[in-house]
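# Working through the structure, step by step
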Amino acid sequence: MKIHQPTRAAGLERLADFTAQAGFNYAHKRNFDYGPEADVEADPWRDNVSRLSPYIRHKLLTEQELIEAVIKVHGSQKADKFITEILWRGYFRGWLEQRPEVWADYVTGRDDALRAMQKLGSQRKIYEQALESRTGIDCFDFWMKELIDTGYLHNHARMWFASIWIFTLKLPWQIGADLFLQHLRDGDAASNVLSWRWVAGLHTKGKSYQATKENIVQFTDGRFTAIGLAQEFVPLVESKSYKFRPLKVPPAPPAAAAFALLVHEEDCHPESLTLPGKPALLIGVSGPDGKSPKGVADPVREFAQGAVTDALTRGSDHFGCESVMWNKGQKLADVMKTAGIERLIVPWLPTGPLKDAIGREVNGCNPRWVMRNYDAAIWPLAKAGFFPVKKKAPDALAPLGILL
Ligand SMILES: Cc1cc2nc3c(=O)[nH]c(=O)nc-3n(C[C@H](O)[C@H](O)[C@H](O)COP(=O)(O)OP(=O)(O)OC[C@H]3O[C@@H](n4cnc5c(N)ncnc54)[C@H](O)[C@@H]3O)c2cc1C
């Protein structure tokens, strides 16, 4: 198995291996974290969850094709749990797109917290112990190592980890979210920051996530004692309430004589975009280090860069056109000028670090934006909580031929 290879082929291979598990097995076993040592093969793949997140996060595989693949094998009822988790991703993405200030405030809060951490003696000691897996809380110390060594944590472990970080160790949630973005191969502005806010009690206001010894022991198959956890989980509060700005879905780009397509790490499947024709040039760009002021771990950088390279190779074959990289220090307008192309089409750049890094320059080239039909169907539904999204998803996705 081509584990962790940042290619669509490796993602499809994993999907083919996992699909049979995506029905009854996933519904009943997905909450168990059996640990990386329980892997079925020499390399870390656990079979009770898909581990497809790095592929989905970079859109090497699209949400639409995943849902279609599991419905084909199990039907929508039996695959409901898996489909629900895919919808959670779209929910968080849509929620953040419609409240981009949450991301901007996270960035400011993270930078303030990191600066303050330099000065705070006792809190810094706890922070250092946490980073070095020396808190004495066996499960937390294990997950810290696992996160750094493998670039992955099971969903339940992420929830427990964040809860222990915030309520037992009393560390700033933004620094925890930053740590995840440095190390997770699937590190994503929306799923990560909003999940941390959810654990803290800021997303569903007044409701925090409580990591308890009993729950950890049960769902890790007794691998840990989980001694030393907080007994109180007072939700964090913030004075600001974020304004909902309804998403404006861009109109389909008009036909153009010749256009370049920007292929960025947020969308690495150019073949399935709805375009007004074949691009004359693909321009690739990635910038994973913008996820954290500390940069990202090598495997995270390699996955993001590799995903863009793979997308360029496949895209060039598919469209029969050349591809170039937009490298650091170059101007995008110059890359286009050199190729003699005036029109630029860009797959939607979602709120997050890549948009922060390149959004202004891309906008300077007067681009036309393309949004995927799936995203345009799901994201606008994220007005408040998840459950209305889940309820409305069947009607929203039916025009795409997805029958939930
Ligand atoms: C504190 C915290 C931080 C997180 N940070 C990230 C992140 O940076 N990037 C990220 O992709 N996910 C994040 N998640 C969500 C979730 O933990 C991962 O998507 C999931 O564990 C990935 O493993 P998998 O592919 O085996 O998941 P599976 O259980 O196989 O799920 C299939 C897919 O559904 C989506 N999904 C599943 N659970 C969730 C969820 N709770 N929220 C959103 N999407 C979900 C993912 O795309 C995942 O690949 C975070 C969760 C928490 C609690």
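The structure presented is a predicted model; accordingly, all values stated were derived computationally and were not measured. By convention here, each chain's residues receive numbers from 1 onward along its written sequence. Only residues with pLDDT of 70 or above have their local features reported here, since the model is predicted, and side-chain atom pairs are shown and tallied only from 80 upward, although totals for entire chains, interfaces and linings are computed over all residues. Hydrogens are left out, water is left out, and the side-chain values use all remaining heavy atoms of the structure.

## Brief notes about the layout of surface pockets
Applicable threshold: Buried and open spaces are told apart on a 1 Å grid over the protein atoms alone, a cavity being a set of points where a 1.4 Å probe fits but cannot get out and a pocket being an open set with protein on both sides within 12 Å along at least five of seven lines. Residues with an atom within 4 Å of a point are the lining residues. Grid points are joined across faces, edges and corners, and a volume is the space filled by probe spheres set on the points. A run of DSSP states H or I qualifies as a helix once it reaches four residues; a run of E qualifies as a strand once it reaches two. Both are numbered from the N-terminal end. The split of the chain into domains comes from an automatic or database domain assignment.
Of the volumes computed, that of the largest pocket is approximately 1,400 Å³. Lining the largest pocket we find 47 residues, and of these E85, W88, F92, N155 and S195 sit closest to its centre. Contributing elements (two or more residues each) for the lining of the largest pocket: helix 3 (53-57), helix 5 (80-97), helix 9 (155-168) and helix 11 (189-200). Per-element tally for the lining of the largest pocket: the top contributor is helix 5, with 8 residues. Each of domain 1 (8-97 + 379-400) and domain 2 (102-219) accounts for three or more of the residues forming the lining of the largest pocket.

## A few points about the packing of aromatic side chains
Quick note on the threshold: When the centres of two rings from Phe, Tyr and Trp lie within 6.5 Å, Trp using its six-membered ring, the rings pair. Their planes under 30 degrees apart give stacked, over 60 give edge-to-face, and anything left gives tilted. Three exposure classes are used, based on accessible area relative to the maximum for each residue type with a 1.4 Å probe and protein chains only: buried under 20%, partly exposed in between, and exposed over 50%.
Evaluation of the coordinates by the stated rule reveals 28 aromatic pairs. Their ring planes at 10° and their centres at 4.1 Å tell us that W88 and F386 sit as a pair that is stacked. With W88 in helix 5 and F386 in the loop between helix 16 (373-378) and helix 17 (387-397), this pair connects stretches of sequence that are 298 residues apart. Under the relative-accessibility criterion, W88 is labelled partly exposed at 24%. Overall, the relative accessible area of 3% leaves F386 in the buried class. Following the ring pairs from residue to residue traces out a cluster consisting of Y127, F140, F161, W165, F180 and W196.

## Comments concerning empty space enclosed by the protein
Any space left empty among the atoms is revealed by the rolling of a water-sized probe across them. To keep things clear, this is the line we draw: Charged residues are taken to be Asp, Glu, Lys and Arg, nonpolar residues to be Ala, Val, Leu, Ile, Met, Phe, Trp, Tyr, Cys and Pro, and polar residues to be all remaining types, Gly included.
Evaluation of the coordinates by the stated rule reveals 2 cavities of 30 Å³ or more. Its boundaries defined by the atoms lining it, the largest cavity holds a volume of some 120 Å³. Looking at the largest cavity, it is lined by 14 residues, and the ones nearest its centre are K59, E266, W348, D375 and W379. Looking at the lining of the largest cavity, its residues break down into 6 nonpolar, no polar and 8 charged. Two domains each put at least three residues into the lining of the largest cavity: domain 1 (8-97 + 379-400) and domain 3 (259-370).

## What about the site of the ligand?
The condition is simple: The rule for a residue being near a molecule or strand is that one of its heavy atoms must lie within 4 Å of it. The definition of a polar contact used here is a pair of N or O atoms within 3.5 Å, where within protein one atom must be able to donate a hydrogen and the other to accept one, and adjacent residues in sequence count solely through side-chain atom pairs. Each accessible area is a Shrake-Rupley estimate made with a 1.4 Å probe; only the visible protein chains count as cover when residues are assessed. A molecule is counted as occupying a cavity or pocket when more than half of its atoms fall within 2 Å of that pocket's grid points.
Near the ligand lie 27 residues; those nearest to it are Y26, S50, R51, N155 and D186. For the ligand, an oxygen atom lies 3.1 Å from a polar atom in the backbone of S53. Contact between the ligand and N192: a nitrogen atom at 3.4 Å from a side-chain N or O atom of the residue. About the coverage of the ligand: the protein hides 96% of its 820 Å² of free accessible area. The site holding the ligand turns out to be the largest pocket. Contributing elements (two or more residues each) for the shell around the ligand: helix 3, helix 5, helix 9 and helix 11.

## Considerations on the pairing of strand 1 (residues 259-264)
Stated precisely, the cut-off is as follows: Strands were regarded as paired on the criterion that DSSP finds at least two bridges between them.
Judged by how many residues are buried, strand 1 sits mostly within the fold: 6 of 6 residues are covered. As paired strands, strand 1 and strand 2 (residues 281-285) are joined by 5 bridges and run parallel to one another. In the sheet register, L262 faces strand 2, and the bridge partner there is I283.

## Concerning the domain arrangement of the chain
We apply this condition: Between two residues, a contact is recorded if the distance between any of their heavy atoms is within 4.5 Å. Put simply, buried area is how much 1.4 Å-probe accessible surface two parts lose in total, over both of them, once they are put together. Any carboxyl oxygen of Asp or Glu that lies within 4 Å of a side-chain nitrogen of Lys or Arg is treated as forming a salt bridge with it.
Partitioning the chain into domains gives domain 1 (8-97 + 379-400), domain 2 (102-219) and domain 3 (259-370). Inter-centroid distance (C-alpha atoms) of domain 1 to domain 2 is 23 Å. Facing the 20 residues of domain 1 at the interface are 24 residues of domain 2. The contact between domain 1 and domain 2 buries some 2,100 Å² in all, and 60% of this surface belongs to carbon and sulfur atoms. The interface formed by domain 1 and domain 2 contains 2 salt bridges. D188 is paired through a salt bridge with R93; the nearest N and O atoms lie 3.2 Å apart. At the boundary of domain 1 with domain 2, the tally comes to 8 residue pairs in polar contact (both at pLDDT 80 or more).

## Looking at the nonpolar core
Put simply, the rule is: The criterion is simple. A nonpolar core is a set of buried Ala, Val, Leu, Ile, Met, Phe, Trp, Tyr and Cys residues joined through side-chain atoms within 4.5 Å.
F140, W143, F161, I164, W165, W196 and I216 are the most contacted members of the largest nonpolar core, which has 104 residues in total. At 9 residues, the largest contribution of residues to this core is made by helix 9. Not counting residues within four places of it along the chain, the set of residues in contact with I216 comprises C139, W143, W160, I164, A211, F224, A226 and L229. If you look at the next biggest cluster of nonpolar residues, it comprises 17 residues, including A260, L281, W326 and I358.

## What to know about helix 7 (residues 121-131)
In plain terms, the rule: Regarding the arc, it is the one traced by the directions from the helix axis to the C-beta atoms.
Among all positions of helix 7, only Q123, Y127 and A130 are buried. The buried residues of helix 7 all sit within an arc of 60° when viewed along its axis, so they share a single face. Across helix 7 from its buried face, at more than 90 degrees, point the exposed residues G121, S122 and K125. Residues of helix 7 that are buried sit in contact with helix 6 (101-119), helix 8 (138-150), helix 9 and helix 10 (173-183).

## Considerations on the sheet that holds strand 4 (residues 343-347)
Where we set the bar: Interaxial angles span 0 to 180 degrees and are taken between N-to-C directions of axes, which are lines fitted to C-alpha atoms, for helices over the stretch in contact.
Strands sit in the order 3-2-1-4-5 across an open sheet of 5 strands; the sheet is parallel. Where the open sheet ends on each side, the last strands, each with one partner, are strand 3 (322-325) and strand 5 (368-370). Neighbour-to-neighbour, the strand axes of the sheet open up by a mean angle of 25°, direction not taken into account. Here 3 bridges tie strand 4 to strand 5, and the two strands are oriented parallel to one another. Paired with I345 across the bridge in strand 5 is R368. On the sheet, helix 14 (residues 332-339) packs against strand 1, strand 2, strand 3 and strand 4 and is oriented at approximately 155° with respect to strand 2. Sitting on the sheet, helix 15 (residues 353-364) touches strand 1, strand 2, strand 4 and strand 5, and the angle it makes with strand 1 is about 170°.

## Brief notes about the pairing of strand 2
Consecutive side chains along a regular strand alternate between the two faces of the sheet. What counts is decided by this rule: Look down the strands so they point away from you; if going from the first strand over the helix to the second traces a clockwise path, that crossover is right-handed.
Most of strand 2 sits inside the fold, with 5 of its 5 residues counted as buried. Both faces of strand 2 are covered, namely the face carrying L281, I283 and V285 and the face carrying L282 and G284. Relative to strand 3, strand 2 is paired through 4 bridges, and the arrangement is parallel. Residue I283 lies in a different strand from strand 3, and its bridge partner there is V324. Chirality of the crossover, the property in question, places the unit of strand 2, helix 13 (residues 298-319) and strand 3 among those that are right-handed.

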